[in-house]
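Structural overview for review
Residues per chain are reported as follows:
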Amino acid sequence: MQIELPDYNSPSALKEFLALCGMSMQKKFGQNFLINESARRRLIAALDVREGTAVWEIGPGLGAMTAGILAAGAVVTAFEIDRGFSQLLERFFYTAQQQNRFFLIEGNVLKTWKEQYAVCGMPDRLFGNLPYNIAAAIIADTIEAQVRFDRAVFTVQKEVAQRMTAKPGSADYSSFSVLCQWAYDIAPLLDLGGGNFWPRPNVDSRAVVMTPNNTFPACMEPAHFMRMIRALFSSRRKTIKNNMMQFLHSDAETACCVLEQARIDPAARAETLAVGELLRLSDYCCSMRNMIQ
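So, here's what we can say about the structure. As the structure is a computational prediction, the values presented were derived from the model and not from experiment.

1. Quick look at the pattern of salt bridges
- Applying the stated criterion across every chain yields a total of seven salt bridges.
- Lys-158 is paired through a salt bridge with Asp-191; the nearest N and O atoms lie 3.5 Å apart. Of the two residues, Lys-158 is situated in helix α8 (residues 158-165) and Asp-191 in strand β7 (residues 184-192); the sequence distance between them amounts to 33 residues.
- Taking the relative accessible area as the measure of exposure, Asp-191 reaches 43% and is therefore partly exposed.

Okay, structure coming up:
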């Protein structure tokens, strides 16, 4: 049977509601509810849903965003790890569930999303207020599986968002930056200080909108490219020549030959190279594979 939604804008009301349910927040799951109604509206607007739009929502919690997305006409599949929250979500959205507009997948999304994708295919949208401990993992996991969503709206720790959009040569630029920018165009939507959430986190958050990069994959072998960037960024203090020697299992002469063909300075470091340069290097590695072996 459906039950009434709690007041999502009031920390005291949420705390009282959880107490009445005999529940508490689980710190291990990184749970923080967005209590800023205006911010929730902006996030849903950025998601750009219409009647029948299929949305995957990661970590719905008590369903504040879920309610808004359903109200916009979408069909929501929610991935929730907290069993207590899952039981409440089924009661909050009982009617939508009966109408086949709300589906709940219990468990760790990192373990369940691939099965859901295999069974139901690609949704139209991906959405989530992602805790620090899974944000980079789920984003990287989907890209590495070459699954790209037409639009993804994520709220992540600001540090993660900065890594996603970091430029070559900056301290935040990493293999994760390359992976994100290879697959998506990423635009910041809004910054959210800790006071926008309950319980209040000790970090700031940033919402980003991700849309597919039209040039993707822009390389001969995506799997090779992903292996290569992980290898090149694994030892940031080493020159790209030394990392390439290890990646190719080759001598310095062969590594330098590949780098020179790709017009990359052997003395450079991976974090100074733009995504386009790394894609070019990957293709030269593939085209010269027979010689390298």
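Text resumes after the structure shown.
2. Remarks on the packing of aromatic side chains
- With the rule as written, the count across this model stands at eleven aromatic pairs.
- Their ring planes at 40° and their centres at 6.2 Å tell us that Phe-33 and Trp-198 sit as a pair that is tilted. Residue Phe-33 is located in strand β1 (residues 33-34), and its partner Trp-198 is located in strand β8 (residues 197-198); the two are separated by 165 residues in the primary sequence. Taken as a pair, Phe-33 and Trp-198 share a single burial class, namely buried.
- Summarising the aromatic geometry, the rings of Trp-113 and Tyr-117 are spaced 6.2 Å apart at their centres and angled 55° between planes, so their arrangement reads as tilted. Of this pair, Trp-113 and Tyr-117 both sit in helix α6 (residues 109-120), separated by four residues, roughly a single helical turn.
- Look at Tyr-117 and you get partly exposed, because its relative accessible area is 30%.
- Ring pairing ties together the aromatic residues Phe-17, Phe-92, Phe-93 and Phe-102, which thus form one cluster.

3. Concerning unusual backbone geometry
- Following Trp-198, the chain continues into Pro-199 via a peptide bond in cis, with omega recorded as -10°.
- Cis geometry marks the peptide bond from Phe-216 to Pro-217; its omega dihedral reads 5°.
- Counting through the fold element by element, Pro-217 comes out in the loop between β9 (205-212) and α10 (222-232).
- Even without being glycine, Ala-218 reaches a positive phi, approximately 60°.
- Mapping Ala-218 onto the fold places it in the loop between β9 and α10.
- Of note, Arg-263 is a non-glycine position whose phi angle comes to about 60°, a positive value.

What counts, and where the lines are drawn
- Residues numbered from 1 in each chain as written.
- Predicted model: local features only at pLDDT ≥ 70, side-chain atom pairs only at ≥ 80, totals over all residues.
- Heavy atoms only, no water.
- Salt bridge = Lys/Arg side-chain N within 4 Å of Asp/Glu carboxyl O.
- Helix = DSSP H or I, 4+ residues; strand = E, 2+ residues; numbered from the N terminus.
- Buried < 20%, exposed > 50% of the residue type's maximum accessible area, 1.4 Å probe, protein only.
- Phe/Tyr/Trp six-rings, centres within 6.5 Å; stacked < 30°, edge-to-face > 60°.

Structural measurements only, silent on function.
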